[in-house]
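Report on the structure
Listed below are the residues making up each chain.
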Amino acid sequence: MALVPSQVLRVAILLSYCSILCNYKAIEMPSHHTYGGSWKFLTFIDLVIQAVFFGICVLTDLSSLLTRGSGNQEQERQLRKLISLRDWILAVLAFPVGVFVVVVFWIIYAYDREMIYPKLLDNFIPGWLNHGMHTTVLPFILIEMRTSHHGYPSRSSGLTTICTFSLGYILWVCWVHHVTGMWAYPFLEHIGPGARIIFFGSTTIFLNFLYLLGEALNSYIWDTQRTAKRK
């Protein structure tokens, strides 16, 4: 039996994301008042994705509790729809985008933090908030995968969705640069057009890999558990 019920963990994680988002939006930073605001940063978009995902998880838990033993077929049908939405968001957005943000941010940060998170930002964003945006996302999503089985969509559908998301964000970043003359991320200023195309293509490939990794990890965790139960 789990030390902490998964339902309690989801509520705690949802509250932590709400706190992180509120604290981040309360910070007076110049970038918040430029074109695109916080929405030009993938970190912020990811935080919104994670908060929405865990919000749906909590709503699913509440709905499951209310419909348990009721025998109401309509309520059970709505619950199945909610579970399908929860699983779809985890598969195509919450896991791949969340892991992408953590891995890419810390790799670039370790190489040269000025390229992704200039030291100037330390004057605005406290260390705990930085880790809330760029570190805890990974353990939170892994906890969710470990505590609940999630049904994945067909591989072609999942990969099409993640490619569409990636292309949409790349076009959005390019549009912001077209309007303002500035890239959302400092390192894009220091590489040529060809290198940017390679970088954007590589990020799309990496997101596709993370989708497949999530699919494999989900199957491994739950196939292993089913095997252990049979034994």
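Residues numbered from 1 in each chain as written. Predicted model: local features only at pLDDT ≥ 70, side-chain atom pairs only at ≥ 80, totals over all residues. Heavy atoms only, no water.

Quick notes on the UniProt feature "transmembrane region" (unreviewed entry) in the chain
Note the cut-off: UniProt positions are given in the numbering used here, feature names are shortened, and annotations may be inferred rather than shown by experiment. In this text, helices come from DSSP runs of H or I with a minimum length of four residues, and strands from runs of E with a minimum of two, each type numbered from the N-terminal end.
As recorded in UniProt, the feature "transmembrane region" (unreviewed entry) lies at residues 47-67, 88-108, 128-145, 157-178 and 198-221. Here residues 128-145 runs as 89% helix and 0% strand, with 24 Å between its end C-alpha atoms.

Points about the nonpolar core
Threshold: Only buried residues count toward a nonpolar core. Its members are Ala, Val, Leu, Ile, Met, Phe, Trp, Tyr and Cys residues joined through side-chain atoms within 4.5 Å. Burial status follows relative accessibility: with a 1.4 Å probe on protein chains alone, a residue under 20% of its type maximum counts as buried, one over 50% as exposed, and anything between as partly exposed. What makes two residues a contact is simply this: any of their non-hydrogen atoms within 4.5 Å.
Counting 61 residues, the largest nonpolar core has Tyr 17, Tyr 24, Leu 42, Phe 53, Val 97, Ile 125 and Tyr 185 as the members making the most contacts within it. At the level of secondary structure, the elements contributing two or more residues to this core comprise helix 1 (6-26), helix 2 (42-67), helix 3 (73-112), helix 4 (127-134), helix 5 (137-147), helix 6 (155-180) and helix 7 (193-230). When sequence neighbours within four positions are dropped, the list of residues in contact with Leu 42 reads Val 97, Phe 100, Val 101, Phe 165, Tyr 169 and Tyr 185.

Topic: a nonpolar patch on the surface
This is how it is decided: Note on patches: the residues involved have over 30% relative accessible area and no salt bridge, like charges join within 9 Å, and the nonpolar side chains Val, Leu, Ile, Met, Phe, Trp and Tyr join within 5 Å. Here the Shrake-Rupley method, with its probe set to 1.4 Å, supplies the accessible areas, and only the displayed protein chains count as covering residues. For this analysis, a salt bridge means a side-chain nitrogen from Lys or Arg found within 4 Å of a carboxyl oxygen belonging to Asp or Glu.
A grouping of Tyr 35, Trp 175 and Val 179 is seen on the molecular surface, where their side chains present a nonpolar patch of about 290 Å² in accessible area. Along the chain, Tyr 35 turns up in the loop between helix 1 and helix 2.

Things to note about the packing of aromatic side chains
Heads up, the condition is: Each Phe, Tyr or Trp ring (for Trp, its six-membered ring) is paired with any other whose centre lies within 6.5 Å, and the angle between the two planes then decides the class: stacked below 30 degrees, edge-to-face above 60, tilted in between.
Using the criterion set out here, one finds 18 aromatic pairs in the structure. Geometrically, the ring pair formed by Tyr 35 and Trp 172 is tilted, given 6.1 Å between the ring centres and 40° between the ring planes. A residue pair is termed long-range when its members are at least 10 positions apart, and Tyr 35 in the loop between helix 1 and helix 2 and Trp 172 in helix 6 qualify at 137 residues. Ring geometry for Phe 53 versus Phe 54: centroids 5.0 Å apart, planes at 75°, classification edge-to-face. Taking the relative accessible area as the measure of exposure, Phe 53 reaches 0% and is therefore buried. Within the aromatic cluster, the residues linked to one another by ring pairs are Phe 41, Tyr 185, Phe 187, Phe 199 and Phe 200.

Examining helix 4
Side chains of residues three or four places apart in an α-helix project in the same direction, reflecting 3.6 residues per turn. Leu 129, Asn 130, Gly 132, Met 133 and His 134 are the residues of helix 4 that are buried. Buried-residue contacts for helix 4 involve helix 1, helix 2, helix 3 and helix 5.

Considering the side chain of Ser 166
What counts here: By the criterion applied in these results, polar contacts are pairs of N or O atoms within 3.5 Å in which, for protein atoms, one can donate a hydrogen and the other can accept it, and in which residues neighboring in sequence qualify only through two side-chain atoms.
Along the chain, Ser 166 falls in helix 6. According to the relative accessible area criterion, Ser 166 is buried, its value standing at 3%. At 2.7 Å, the side chain of Ser 166 and the side chain of Thr 204 are in polar contact.

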